[in-house]
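Chain by chain, the residues run as shown.
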Amino acid sequence: MTTPVTLTRAQKAAAILVAMGKPSASRLLKFFKQEELKALIEGARLLRTIPQNDLERIVAEFEAEFTEGAGLLDSADRMDTILNESLSPEEMSAIMGDKKFEVAPEGPPPIWPELEKLEPSRLGTFLAGEHPQTAAMVLSKLAPQSAAGVLLTLTKATRGEIIKRMVTMANVPDAASRIVENRLRSSVLTETSTKDTSAGQARVASVLNELDKPLLEEVMQDLEAAGTPDLDGVRARLFAFDDLPLLTQKARVLLFDGLSTELVTLALRGAQAGLAESVLSAIGARSRRMIEAELGQGSEGIALADITAARKTIVTTTIRLSREGAFELPATQNAA
């Protein structure tokens, strides 16, 4: 049986690469010189099955040489480049054991608070393509509520694999954590910062808010069928007069407290009973009696354009107050 003491340096390096597996090893090979590749290939041809204990000793020897700055390649700097660009946290832990690389004293700020601000689906899409161990490490760094939101965007099987690893996860080496942070910063946060579509969402919503409710729903269905991106951001900015019952009672009271009884009376002409009641229930008793008395006289002679304009004023005021933070608009995507 082949043992570490009988192996050449090239054979030991080949053993470590074989243990990594094809995907990781193939990424590392591009960093070797031609003569080094030739030596590795020759060494790999002479390898036989290596017991786990012997493989661990090879890894320990490699780790010791790396710490001293005399690795298999030209320098520790080049090895650091390989590790940062090629290894997942799980692979890093398997190769380097419990030892930690020296972490530079200066660096970018933690990214976890920024990740918690993202849409769960965005981070979930990224983690779905990563190793479950990597995903588990990322979610373990997030606030519980944020992590739960991301998990819900993943498939049941993927969730199970990630949660299983989160339960058994020990402390993550600083070097491995930095690798994942750099990957997230370049792949997720950079994409988010360069694709801020909030202004575009607001512009589209301002146009759609001019449409009547039936036409608005038809347009939204067409946009969804066409795969329009960031449609949830547009929905969050939509509001129609018929959506007033969806506001909380507190929000309706705040809204109609600043509107004249004449405007409210005009807007409620011809409105359905349920809609009218949701409005009147948010108005003081005296003003309510005055409005009900006016409505009881009928809408004869009242121009439809005037009623539409009054309703539009109420809608515009509602949207403005929500943008000022007075209250949140209801989720209109499921509204009838």
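Residues numbered from 1 in each chain as written. Predicted model: local features only at pLDDT ≥ 70, side-chain atom pairs only at ≥ 80, totals over all residues. Heavy atoms only, no water.

### Observations concerning the overall build of the protein
When its secondary structure is counted, the protein shows 20 helices and zero strands. In the protein, the share of contacts with a sequence separation of at least 24, taken over all contacts with a separation of at least 6, comes to 77%. For the protein, the exposed surface amounts to about 19700 Å²; the carbon and sulfur share of it is 54%. (Helix = DSSP H or I, 4+ residues; strand = E, 2+ residues; numbered from the N terminus. Contact = heavy atoms within 4.5 Å. Areas by Shrake-Rupley, 256 points an atom, 1.4 Å probe, with all protein chains shown as cover.)

### Digging into the pattern of salt bridges
Across all of its chains, the model carries seven salt bridges by this definition. Note that Glu 277 and Arg 288 form a salt bridge whose closest N and O atoms lie 2.7 Å from each other. Taken together, the residues Glu 277 in helix α18 (residues 273–280) and Arg 288 in helix α19 (residues 285–296) connect sequence positions 11 residues apart. Residue class for Glu 277 comes out partly exposed when judged on its relative accessible area of 38%. In this structure, Glu 324 engages Arg 320 in a salt bridge whose closest nitrogen and oxygen atoms are separated by 3.2 Å. Taking relative accessible area as the criterion, Glu 324 reaches 54% and is therefore assigned exposed. A residue is classified by how much of its surface remains accessible, and Arg 320, at 40% relative accessible area, is partly exposed. Through salt bridges that share partners, Glu 161, Lys 164 and Arg 165 make up one connected network. (Salt bridge = Lys/Arg side-chain N within 4 Å of Asp/Glu carboxyl O. Buried < 20%, exposed > 50% of the residue type's maximum accessible area, 1.4 Å probe, protein only.)

### As for the packing of helix α17 (residues 261–268) against helix α20 (residues 304–323)
Interaxial distance between α17 and α20 falls to 8 Å at its minimum, and their mutual angle equals 120 degrees. Here α17 is positioned oblique relative to α20, judged by the angle of their axes. The interaxial crossing formed by α17 with α20 has left-handed handedness. Residues Leu 263, Leu 266 and Ala 267 of α17 touch α20, and the partners they reach there are Asp 306, Ile 307, Ala 310, Arg 311, Thr 313 and Ile 314. Considered class by class, the residues forming the contact of α17 with α20 number six nonpolar, one polar and two charged. (Axes fitted to C-alpha atoms, helices over the stretch in contact; angles between N-to-C directions. Parallel < 35°, antiparallel > 145°, perpendicular 65-115°, else oblique. Left-handed = near helix turned anticlockwise from the far one by under 90°. Nonpolar A, V, L, I, M, F, W, Y, C, P; charged D, E, K, R; others polar.)

### So, the nonpolar core
Most often, soluble globular proteins keep nonpolar side chains buried together rather than apart. In this structure, Phe 241, Leu 244, Leu 255, Phe 256, Val 264, Leu 268 and Ile 314 are the most contacted members of the largest nonpolar core, which totals 26 residues. Counting residues per element, the ones that place at least two in this core are α16 (249–257), α17, α18 and α20. Here this core gets five residues from one element, more than from any other, and that element is α20. Not counting residues within four places of it along the chain, the set of residues in contact with Leu 244 comprises Phe 239, Arg 252, Leu 255, Phe 256, Leu 275, Ser 278, Val 279, Ile 314 and Thr 318. (Core = buried A, V, L, I, M, F, W, Y, C linked by side-chain atoms within 4.5 Å.)

### Details of α18
Those residues of α18 that sit buried are Leu 275, Ala 276, Ser 278, Val 279 and Leu 280. Of the surrounding elements, those touching the buried residues of α18 are α16, α17 and α19.

### A short note on α19
When the terminal C-alpha atoms of α19 are compared, their 16 Å separation across 12 residues agrees well with the 16 Å that a helix rising 1.5 Å per residue should span. A positive phi of about 90 degrees marks Gly 298, the residue just after α19. (Expected span 1.5 Å × (residues − 1).)

### Remarks on the confidence of the model for the protein
Looking at the protein as a whole, its pLDDT mean stands at 75, while 71% of the residues score no less than 70. In the predicted structure, residues 67–80 sits below a pLDDT of 50 and forms 20 contacts with residues beyond four places in sequence or in another chain. Below pLDDT 50 for its whole length, residues 192–196 participates in two contacts with residues either more than four positions away or in separate chains. (pLDDT = per-residue confidence, 0-100.)

### A look at the environment of Pro 113
Topologically, Pro 113 is positioned in helix α7 (residues 112–116). Pro 113 gets classed as partly exposed once you look at its relative accessible area, which sits at 44%. The spatial distance from the C-alpha of Pro 113 to the C-alpha of Lys 141 is 9.4 Å, given a sequence separation of 28 residues.

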